[in-house]
Amino acid sequence: MKISVENLTFAYGPKKVLKAVTTTFENGKIYGLVGKNGAGKTTFFKALTNIITNYSGEVKYDGKEIRKHPSALTKVGILLDDIELYKSYTGWFNLRYFGGLRGYFDEEVARRLAEELDIAENLNEKVATYSLGMGKKLLLLISLMNDAEVLIFDEPLRGIDAKAVNWFRQYLLDLKRKGKLILISSHVQEDIEKLCDEVFVLDEGAFTEHFDLNDDSQSLIYKVWVNEPSVLTELLISKGITYDYHQKEVNFEATPELFQEIFQDAVNRDLIFTEIKKESKFAAFVN
Ligand SMILES: Nc1ncnc2c1ncn2[C@@H]1O[C@H](COP(=O)(O)OP(=O)(O)OP(=O)(O)O)[C@@H](O)[C@H]1O
């Protein structure tokens, strides 16, 4: 499955929320969507899944415009924060209901996922009695249970415990290996770093940056702590590299190859590194 988005523009009343977004997503990859609160991430996901349809531009699944061919959505699993569960009914009721909406419900698959997520024992209880994290796990289960080709997760890991986070990350990486197309938004750098192949930054409704996390030649942000920062900064100046520095911490941007060269030169000048951290440039946009 391939999704192509062309000139997607949408407004809530006078407020422009998506501004001519154009991009493509291919199967066998996990894409991250990051950006500030209100940047338009949830709205973008809603447009991809026909929850909103009064936009201009086009969203195509395998070349077919989704508003004219909504049946493709039976192959999509989605987790959105504001999807309402039926709180006065049990977990099982909700699973059967949402599974049925997609025309397919496999109780065995649902039970196995519920066990993995540690909520199997709660499925006979009313959702109204669930904690926040249990409700979130039920939403995760609903999005995963119909073996979708495309999975869209809006902040899927907020509010769930560490064991479920680890399980979910592994599960997503397995789904990717099986060729699924996965989109995920998150404000957590680690989630994006551990999962995503590519990251898009959404800023005020426009895709402003794109990072390929598998490309070793892309430059990274290095944060290093050294005994004599002024020696290191001189070295950086001699190589034409700009930097920030306060106290013993020096921050600069370099490719991994260039960093190796800088590190070697610094060690030759007897500099002692007490700590080295590196992060992808997308990190600046996660929060
Ligand atoms: N139903 C609505 N009616 C009017 N405005 C809305 C509605 N839903 C969202 N908005 C506005 O659209 C903009 C984008 O919201 P959206 O939820 O897509 O952002 P987001 O990037 O998902 O934010 P967050 O990181 O906080 O989840 C915001 O300014 C928001 O106030």
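Residues numbered from 1 in each chain as written. Predicted model: local features only at pLDDT ≥ 70, side-chain atom pairs only at ≥ 80, totals over all residues.

### Describing the sheet that holds strand β6 (residues 76–79)
Strand pairing in a sheet relies on backbone hydrogen bonds, with the paired strands running either antiparallel or parallel. Here we have 6 strands laid out as an open sheet, ordered β6-β7-β8-β3-β9-β10, and mixed in their pairing. With partners counted over all chains shown, the strands left at the sheet margins are β6 and β10 (206–212), one partner each. Going from strand to strand, the sheet's axes swing by 15° on average, the running direction of each strand aside. As defined by bridge partners, strand β9 (residues 198–203) adjoins β10 across 6 bridges and the pair is classed as antiparallel. (Pairing = 2+ DSSP bridges. Helix = DSSP H or I, 4+ residues; strand = E, 2+ residues; numbered from the N terminus. Axes fitted to C-alpha atoms, helices over the stretch in contact; angles between N-to-C directions.)

### A word on the UniProt feature "domain: ABC transporter" (unreviewed entry) in the protein
In the numbering used here, UniProt assigns the "domain: ABC transporter" (unreviewed entry) feature to residues 3–229. Annotation note: span residues 3–229, helix share 29%, strand share 30%, distance between end C-alpha atoms 48 Å. (UniProt positions renumbered as here; feature names shortened; annotations may be inferred.)

### Quick notes on the pairing of β6
Both faces of β6 are covered, namely the face carrying V76 and I78 and the face carrying G77 and L79. Where β6 and strand β7 (residues 150–154) come together, 4 bridges link them in parallel fashion. Considered in β7, the bridge of G77 is made with L151. (Buried ≥ 20, exposed ≤ 12 C-beta atoms within 10 Å, placed from the backbone.)

### Digging into helix α3 (residues 107–116)
Looking only at α3, the buried set comprises A110, L113 and A114. The arc that holds the buried residues of α3, viewed along the axis, is 105°, so those residues lie on one side. Turned more than 90 degrees off the buried face of α3, the exposed positions are E108 and E115. Where α3 is buried, its residues meet α2 (91–101) and α4 (132–144). Phi turns positive one or two residues past the end of α3, at D118, with a value near 65°. (Arc of directions from axis to C-beta. Contact = placed C-beta atoms within 7 Å.)

### Remarks on the nonpolar core
The biggest cluster of nonpolar side chains holds 66 residues, and the ones touching the most others in it are L141 and I152. When sequence neighbours within four positions are dropped, the list of residues in contact with L141 reads L95, A110, L113, A114 and L117. Grouped together as the second largest cluster of nonpolar side chains are 7 residues, Y222, V224, V226 and L232 included. (Core = buried A, V, L, I, M, F, W, Y, C linked by C-beta atoms within 7 Å.)

### Observations concerning unusual backbone geometry
We note that D62 has phi near 45°; this positive angle belongs to a residue other than glycine. Exposure remark for D62: the 13 C-beta atoms within 10 Å place this residue in the partly exposed category.

### Regarding the site of the ligand
Neighbouring the ligand are Y12, V17, G35, N37, G38, A39, G40, K41, T42 and T43. The biggest single contributor to the shell around the ligand is helix α1 (residues 41–48), with 3 residues. Partitioning the shell around the ligand into residue classes produces 3 nonpolar, 6 polar and 1 charged. (Near = placed C-beta within 6 Å. Nonpolar A, V, L, I, M, F, W, Y, C, P; charged D, E, K, R; others polar.)

### Considering the sheet that holds strand β14 (residues 273–280)
An order of β12-β13-β11-β14 is seen for the 4 strands of this open sheet, with the pairing classed as antiparallel. One side of each edge strand has no neighbouring strand; the edge strands of this open sheet are β12 (243–246) and β14. Strand-to-strand twist across the sheet, computed as the mean angle between neighbouring axes with direction ignored, equals 20°.

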